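Each chain, letter by letter, is given below.
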Amino acid sequence: MSDSVTRDPVLQNDWHVLCRSSELVDGALMKARLLGEDLVLWRYGGKAKVWDDLCVHRGTRLSLGSIKDGKVTCGYHGWAYDEGGQCVRFPSHPGQTPPPTAHVKTYATREGYGHVWASLGAPAADLPLFREWDDPSFRKILCGPYHYKASATRAVENFLDVAHFPFVHAGLLGDEAHPEIEEYEVDSRPDGIEAKNVIVWQPDPDGTGKGKSVNYTYRVVRPFTAYFVKRTDEGDFAIQLNVTPVDETSCIGWMCIALNYSEETPDAELRAYQDKITGQDVPVVESQRPERLPLDLQVELHLRSDRIAVAYRKWLRQIGLTFGTS
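One numbering rule holds for all chains: residues counted from 1, following each sequence as written. For this predicted model, a pLDDT threshold of at least 70 governs which residues receive local features, and a threshold of 80 or more governs which side-chain atom pairs are given and counted, while totals over whole chains, interfaces and linings are taken from all residues. No hydrogens and no water enter the side-chain calculation; it runs on all heavy atoms of the structure.

Quick notes on the confidence of the model for the protein chain
And then number 1: The share of residues in the protein chain with pLDDT of 70 or more is 98%, and the mean pLDDT across the chain is 94.
And then number 2: Scored below 50 in pLDDT, residues 1–6 shows 14 contacts in the model against residues more than four places distant or in partner chains. pLDDT runs from 0 to 100 and stands for how confident the predictor is about each residue. Any two residues having at least one pair of non-hydrogen atoms within 4.5 Å are treated as being in contact.

Structure, rendered in structure tokens:
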């Protein structure tokens, strides 16, 4: 376990997205990286599993191996591990029973919102709640993955920032002729933050091609899980963003979209719209310096329109986060 993870139990004990559930198929191995740790993912009997990507024999990546007879088999010397991570066969010594120490480290694994999640520690809570997901009146669309050469903290803060809409997303989420951000409320609690009545006029706020004033409510419910719902006359449009901290300066964003209107707009069109928006964000976020988000509020300048970002930084400091921060 890397030092950066052990310093941050709040992240070690949280849930993080590793892939879409549909990508993890029986009989195949996948690799992933989380908080600086290399992981291998696989399915057995339909159940997702996440382990250290490390054969305990000579340190080879298990993801280079294969699945044979329901066992992960190392591609170097053929050591075979059962579904619980215990080695059950040494091919070079078939008569020898592998000891309990011949065991791969395994991690808590869950599936939800169309994704596979893992925790490197002891999960302190369930998956972050996305209320619209279980509401049958909402259509759900998965977007991403979006790769950033930037810290997860920077990616989340960008998601919370509305003042950049008229400039980075001109003609879509904002208009340079209307850059004003009205006063809005922010409530900070031990379990996260919430900003209400964030009102912005947008030329095309959701990919349906209709300009309108929208009222956002933003929430941060985990260090790297943020949510908004924007309400219009037609209905509600919500996104939950889950950012996977690959390491301190790279991350992956996964989005779940839910909306209860505009049924005539195809999923592919809404997904392409979100791809375009995020594609505009990524180079800006990757350009930010320092790369790690400064929690000292004196390092950067702040305006009233940055109120939610300031609350996010203060909350990260309160919960003791150091990973991806400076």
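So, the sheet that holds strand β5 (residues 66–68)
And then number 1: Spatial ordering of the open sheet is given by β5-β6-β7-β8, a layout of four strands whose pairing is antiparallel. Two strands in the sheet have a free side with no partner beyond their single neighbour: β5 and β8 (87–89).
And then number 2: As judged from the two bridges shared by strand β6 (residues 71–73) and strand β7 (residues 80–81), these two strands associate in the antiparallel manner. Note on β7: the bridge partner recorded for Thr73 is Ala80. Think of it this way: DSSP has to see at least two bridges between two strands before they count as a pair. Put simply, DSSP H or I for four residues or longer makes a helix, DSSP E for two residues or longer makes a strand, and each gets a number counted from the N terminus.

Considerations on the packing of helix α3 (residues 152–160) against helix α6 (residues 307–318)
And then number 1: Packing of α3 against α6 brings their axes to within 9 Å, and their N-to-C directions diverge by 145 degrees. As for the relative orientation of α3 and α6, their crossing is right-handed in sense. Residues Thr153, Arg154, Val156, Glu157 and Leu160 of α3 pack against Ile308, Ala309, Tyr312, Arg313 and Leu316 of α6. Axis angles are defined between N-to-C directions and span 0 to 180 degrees, where every axis is a line fitted to C-alpha atoms and, for a helix, only to the segment in contact. The crossing is said to be left-handed when, going from far helix to near helix, the turn is anticlockwise and less than a right angle, and right-handed when the turn is clockwise.

Thoughts on the sheet that holds strand β1 (residues 16–20)
And then number 1: Sheet architecture is open: six strands sit in the order β1-β10-β9-β4-β3-β2, paired in antiparallel fashion. The sheet is open, and its two edges are formed by β1 and β2 (30–34), each paired on a single side. If you compare each strand with its neighbour and ignore which way they point, the axes differ by 35 degrees on average.
And then number 2: In terms of strand pairing, strand β9 (residues 106–112) meets strand β10 (residues 115–119) through five bridges, oriented antiparallel. Considered in β10, the bridge of Ala108 is made with Ser119.

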